[in-house]
Amino acid sequence: MMKVTKYKGTLQLGSTNATTIVINPAIADLENVVTRFGMIRDRPRTYPSTSTSIMSSEEDENRITLEQLLQKSPKENKRIKFTCNASIKEIDSSRKWFYKSCSECRKKVLPKEEKFACPDHGEIKSPRFMYAVNATIADDTTSVAVVLFNDVMTSLLGMDCHDMVVEEDNPSPHILPTPLRAIRGKLKIFQLQFREHDIKHKMTFTVLNVFEPKKPNNDIAGTSSRPSTKSNKRQVKRSDDVETVAKKKQRN
């Protein structure tokens, strides 16, 4: 079994203690298929990946400011994805930054004696740790409350919640680890959606994805807009030489 996670918008595979990786196993049926397709002269054509264009469209999808987003109707736009340039202003340390979930689903498990129980799957021996970070993001117009769940936080931090809790020794869900505090104030592109179940009727948003903002190419812009000083000096010198020659001809 392997875990599929996201890191900076790209899918990646992560191994567990129960993972066994076998590379190119000897399977008779598979070898027959490979041999048959190897005899075909006209091999299938390959086409360039469209992942980059899909990523670009997601980054620019319904670009909006946070102030404009707050003016939208949650009922009319509950399935619409919006993107905005913003940064994490604060993380709500009064709320837990992770929870324990069922190993079969993502539902929160409840303590039952010395173990845990899932509403759907009963007793769970080894629950999973899942991110659920309540934060405030802000841009130049205003700020909004958001929730960043497990996949987004794993991509943002480059570390899954199990490793953050167990391997990095952060067992308390009420004490923010250093990596979580470090993501504050960094400009990102947030993909947002209205939450279906707002807490206490407060308008909050779910962060569906986080992208890195595009960096402007200052070098190209600078060379195209800034004339060369050496070139200007050469032009002035050439014009002086032409004027001197013209005066000599007039004297002769």
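What you see as residue numbers is a count from 1 along each chain, following the sequence as written. Only residues with pLDDT of 70 or above have their local features reported here, since the model is predicted, and side-chain atom pairs are shown and tallied only from 80 upward, although totals for entire chains, interfaces and linings are computed over all residues. Remark: hydrogens and water are excluded; side-chain values derive from all non-hydrogen atoms of the structure.

Considering the overall build of the protein
Here is step 1: The way it works is that DSSP assigns letters per residue, a run of H or I at least four long becomes a helix, a run of E at least two long becomes a strand, and they are numbered from the N terminus. When helices and strands are counted, the protein shows eight helices and 11 strands.
Here is step 2: Each residue gets one of three labels from its accessible area relative to the maximum for its type: buried under 20%, exposed over 50%, partly exposed in between, using a 1.4 Å probe on protein chains only. Counting the 252 residues in the protein, one finds 30% classified as buried.
Here is step 3: Contacts in the protein between residues at least 24 apart in sequence constitute 60% of all its contacts with a sequence separation of at least 6.
Here is step 4: What sets the accessible areas is the Shrake-Rupley method with a 1.4 Å probe; for residues, cover comes only from the shown protein chains. When the accessible surface of the protein is summed, it comes to about 18,700 Å², and 50% of that surface belongs to carbon and sulfur atoms. We call two residues in contact when some of their heavy atoms are within 4.5 Å.

Observations concerning the pairing of strand E11 (residues 204–211)
Here is step 1: With seven of eight residues buried, E11 lies mostly within the body of the structure.
Here is step 2: Pairs of strands are assigned from DSSP output, requiring at least two bridges between the strands. Inspection of the sheet shows strand E9 (residues 143–149) paired to E11 by four bridges, in the parallel sense. Across the sheet, valine 147 pairs through a bridge with threonine 206, a residue of E11.

What to know about the confidence of the model for the protein
Here is step 1: In the predicted model, the protein carries a mean pLDDT of 79, and the fraction of residues at 70 or more is 66%.
Here is step 2: As a per-residue measure, pLDDT tells how confident the predictor is, with possible values from 0 to 100. Within the model, pLDDT remains below 50 along residues 46–53, and this stretch shows zero contacts once partners closer than five positions in the same chain are excluded.

Looking at unusual backbone geometry
Here is step 1: One non-glycine residue, asparagine 62, lies in the positive phi region at around 50°.
Here is step 2: Tracing the backbone through its elements, the reader meets asparagine 62 in the loop between helix H2 (51–60) and helix H3 (66–70).
Here is step 3: If you check the backbone angles, aspartate 169 has positive phi at about 60° while not being a glycine.
Here is step 4: Inspection of the secondary structure puts aspartate 169 in the loop between helix H5 (161–167) and helix H6 (178–182).

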